[in-house]
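This is what each chain is made of:
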Amino acid sequence: MALNLYNTLSGKVEEFRPLEDNKVRMYSCGPTVYDYGHIGNFRTFIAVDVLRRFLRQSGYKIRHVMNITDVDDKIIRNAASAGVSVTQYTAKYEKAFLEDASALNIEQPILARATDHIPEMAEFIAELQKKGFAYRTEDGSYYFRIANFPEYGKLSKKDFAGMEDGARVDVDEYEKDSARDFALWKAPKPGETSWQTSIGPGRPGWHIECSVMAMEELGDTFDLHAGGEDLIFPHHENEIAQSEALSGKLFAHFWFHVRFLLVEGEKMSKSQGNFFTLRDLVLKGHKPSSIRFLLASVPYRNQLNFTFDGLKQAAVSVERLRNFQSRLTTGQFPSGTTTSMSELARETAERMRAGMDDDLNTAQAQAAIFDMVRKVNAAMDAGQFKKGDIPALLASLESFDELFAVLKDDDAPKVYNIVEWAKAEGRANEISKELLETVGAQQLSDAEIEKKVAEMEAARRSRDFKLSDALRAELGAQGIIVEITKSGARWKRK
């Protein structure tokens, strides 16, 4: 089979084929670093990460570039209000974003920062002006003349035939239905941060940033452009217009857009009190692995309703997978193989591949792995499982985790000290008991836990149950659950 993806540009599901052999050049819109990332943002970043991982698993070599928007209206306004430079202001939130992404096991692409490419943006705009697609206003700003690009609207499928020529949009905070000439370069207002360039002082508009960085890193034409559905118009529409006006070539062959989410059935907003950053959830005691699992559980083109019951169920699902992996790797089984288990491993791998090839249907892939877990656990309980069955089943589980990345217990406290961050931010009262238990569990190394468990088992064998119980309680207080089974003690972190 081959990967079939919905292409927003064509409006249909198509077979994905890279332009050059097995090399995939992809660009995704990254964060605007004016605040902490919320779970709607991270649903998109996780979906793009799963796509990237699946392309690599499929044998492609990936060159993935993601922008960091570190200059726009909000950033300039917030930095001025805080009395710091734009660079100082954005450094804090870029660092936080990268920490959050790492906690969620999102692989880091090649990063391209807007402020590192401002001279190239000025040159790009100058070329657009030479070609008749851009014009300068009296104050020194530059705009793109939409009327000179007849294909405008081909991504969003909007009809702009009767659009008024020459009306302008000045700001980065666009109306969704705005379809007027858009800003490429903004002349500075008094006291506003600006850059001196070949086209005069000012700063770039939002759209020009992505065009310049994508084309510089990936070429005039590349394979795939990704982002959230809210970027289709006007951001991505404008990227296409200015990029193709300059090069005369197709900008990106595939456009991959991820739907945003609802929270408890409502649109996420601060006024509704249902607006959550990743850090908000971690402070409540939820693990990033559970959050990642939930955000990846619904196919990217479907609406995801984020609920706290769903998040609790995601934690149970992740724990079930980890317990299954532990049972495979530490259990004691008789020698030999079982034909039914080999066949199950093969079928599971095929079902996962078929699901992911079908427009990245993550729900089908998850269903396949949990069907396997259920059947294998039943076989183990019935004494119908052999040692030789382990490699094939473990390979299927590892193939699943290459995409979903939830099996390793390397959650937030290991990536950044969320407790110390909360104290520094004046949010110490929000630190939950569950988070403190998780931090305690993270502070004990695997080797230290194994040593304690071995001491506990030795005490049980010598019938010193008082010592055994005390050791078990000590581990429990630090977030370690110890289970006594016929084949010995097994442990896991909460």
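Refer to the structure above for everything that follows.
Let me sum up the structure you'll find in this document. Since this is a predicted model, take the numbers as computed values, not measurements.

1. Some words on the packing of helix H9 (residues 308-330) against helix H12 (residues 390-404)
Phase 1: One way to put it is that H9 packs onto H12 with a least axis distance of 10 Å and a crossing angle of 150°. By the angle between their directions, the pair H9 and H12 is classed as roughly antiparallel. Like other packed secondary-structure pairs, H9 and H12 cross with a definite hand, here left-handed. Of H12, the residues touching H9 (which contributes Leu321, Phe324, Gln325, Leu328 and Thr329) are Ile390, Leu393, Leu394, Leu397 and Phe400.

2. Some thoughts on the nonpolar core
A general feature of soluble globular proteins is that nonpolar side chains tend to end up buried together.
Phase 1: Among the nonpolar cores identified, the biggest contains 136 residues, and Leu128, Phe144, Phe256 and Leu321 are the most heavily contacted of them.
Phase 2: Broken down by element, the residue count for this core peaks at ten residues, all from helix H1 (residues 39-57).
Phase 3: Non-local contacts of leucine 128, meaning those with residues more than four positions away in its chain, are made with Phe133, Ala134, Phe144, Leu184, Ile208, Gln242, Ala245 and Leu246.
Phase 4: The next biggest cluster of nonpolar side chains, apart from the first, holds nine residues, and it includes Val453, Leu471, Leu475 and Ala489.

3. Observations regarding helix H6 (residues 232-247)
Phase 1: In a regular helix each residue adds 1.5 Å, so 16 residues correspond to 22 Å; H6 covers 21 Å between its end C-alpha atoms and thus fits that length.
Phase 2: The buried fraction of H6 is high, at 15 of 16 residues.
Phase 3: After H6 finishes, the residue glycine 248 shows a positive phi value of roughly 75°.

4. Quick notes on the pairing of strand E12 (residues 222-228)
Phase 1: Most of E12 is tucked away: seven of the seven residues are buried.
Phase 2: Pairing analysis gives three bridges linking strand E3 (residues 23-28) to E12, with the strands arranged parallel. Opposite methionine 26, over in E12, you have leucine 224 as the bridge partner.
Phase 3: Pairing of E12 with strand E13 (residues 252-258) involves six bridges; the strand directions are parallel. By the bridge assignment for E13, alanine 226 is matched with phenylalanine 256.
Phase 4: Taking the sense of rotation as the criterion, the β-α-β connection linking E12, H6 and E13 turns out right-handed.

5. Details of the packing of helix H11 (residues 362-381) against H12
Phase 1: Two elements in contact, H11 and H12, have axes whose closest approach is 11 Å; the angle formed by their N-to-C orientations is 150°. Judged by the inter-axis angle, H11 sits roughly antiparallel to H12. For the pair H11 and H12, the crossing hand works out as left-handed. In contact with Thr362, Ala365, Gln366, Ile369, Met372 and Val376 of H11, H12 contributes Leu393, Ser396, Leu397, Phe400 and Phe404.
Phase 2: Considered class by class, the residues forming the contact of H11 with H12 number eight nonpolar, three polar and no charged.

6. Some details on the pattern of salt bridges
Phase 1: Tallied over the entire structure, the rule returns 33 salt bridges.
Phase 2: In this structure, arginine 427 and glutamate 430 form a salt bridge, with 2.7 Å as the shortest nitrogen-oxygen distance.
Phase 3: A relative accessible area of 17% places arginine 427 in the buried class.

7. Quick look at the sheet that holds strand E14 (residues 261-263)
Phase 1: Taking strand neighbours across the sheet as the criterion, the three strands line up as E15-E14-E16 in an open arrangement whose pairing is mixed. One side of each edge strand has no neighbouring strand; the edge strands of this open sheet are strand E15 (266-267) and strand E16 (304-306).
Phase 2: The pairing of E14 with E16 spans three bridges and is parallel. Within the sheet, the bridge partner assigned to leucine 262 lies in E16 and is asparagine 305.
Phase 3: Strands in contact with H1 are E14 and E16; relative to E14, the strand with the most contacts, it is inclined by about 145°.

Rules behind the numbers
Here the residue index of a chain counts from 1 through its sequence in written order. Note on the predicted model: pLDDT of at least 70 is required for a residue's local features to be given, and 80 or more for side-chain atom pairs to be given and counted; whole-chain, interface and lining totals, by contrast, use all residues. Water and hydrogen atoms play no part in the side-chain values, which are based on all heavy atoms of the structure. Geometry is summarised by axes, namely lines fitted to C-alpha atoms with helices restricted to the contacting stretch, and by angles between N-to-C directions that run from 0 to 180 degrees. The numbering of helices and of strands both runs from the N terminus, where a helix is a DSSP run of H or I of at least 4 residues and a strand a run of E of at least 2. Note on angle classes: values under 35 degrees are labelled roughly parallel, values over 145 roughly antiparallel, values of 65 to 115 roughly perpendicular, and the remainder oblique. Crossing handedness follows the turn of the near helix against the far one: under a right angle anticlockwise gives a left-handed crossing, and clockwise gives a right-handed one. In what follows, residue pairs with any heavy atoms lying within 4.5 Å of each other are defined as contacts. What we call a nonpolar core is a set of buried Ala, Val, Leu, Ile, Met, Phe, Trp, Tyr and Cys residues that are connected through their side-chain atoms within 4.5 Å. The buried label goes to any residue with under 20% of its type's maximum accessible area, the exposed label to any with over 50%, and the partly exposed label to all in between, with areas taken from a 1.4 Å probe on protein chains only. What a helix is expected to span follows from its residue count: subtract one and scale by 1.5 Å. By definition, two strands form a pair when at least two bridges between them are found by DSSP. Look down the strands so they point away from you; if the path from the first strand over the helix to the second goes clockwise, the crossover is right-handed. In this classification, the charged set is Asp, Glu, Lys and Arg, the nonpolar set is Ala, Val, Leu, Ile, Met, Phe, Trp, Tyr, Cys and Pro, and all remaining amino acids, among them Gly, are polar. Put simply, a salt bridge is a Lys or Arg side-chain nitrogen that is within 4 Å of an Asp or Glu carboxyl oxygen.

Just geometry here; none of it tells us what the structure is for.
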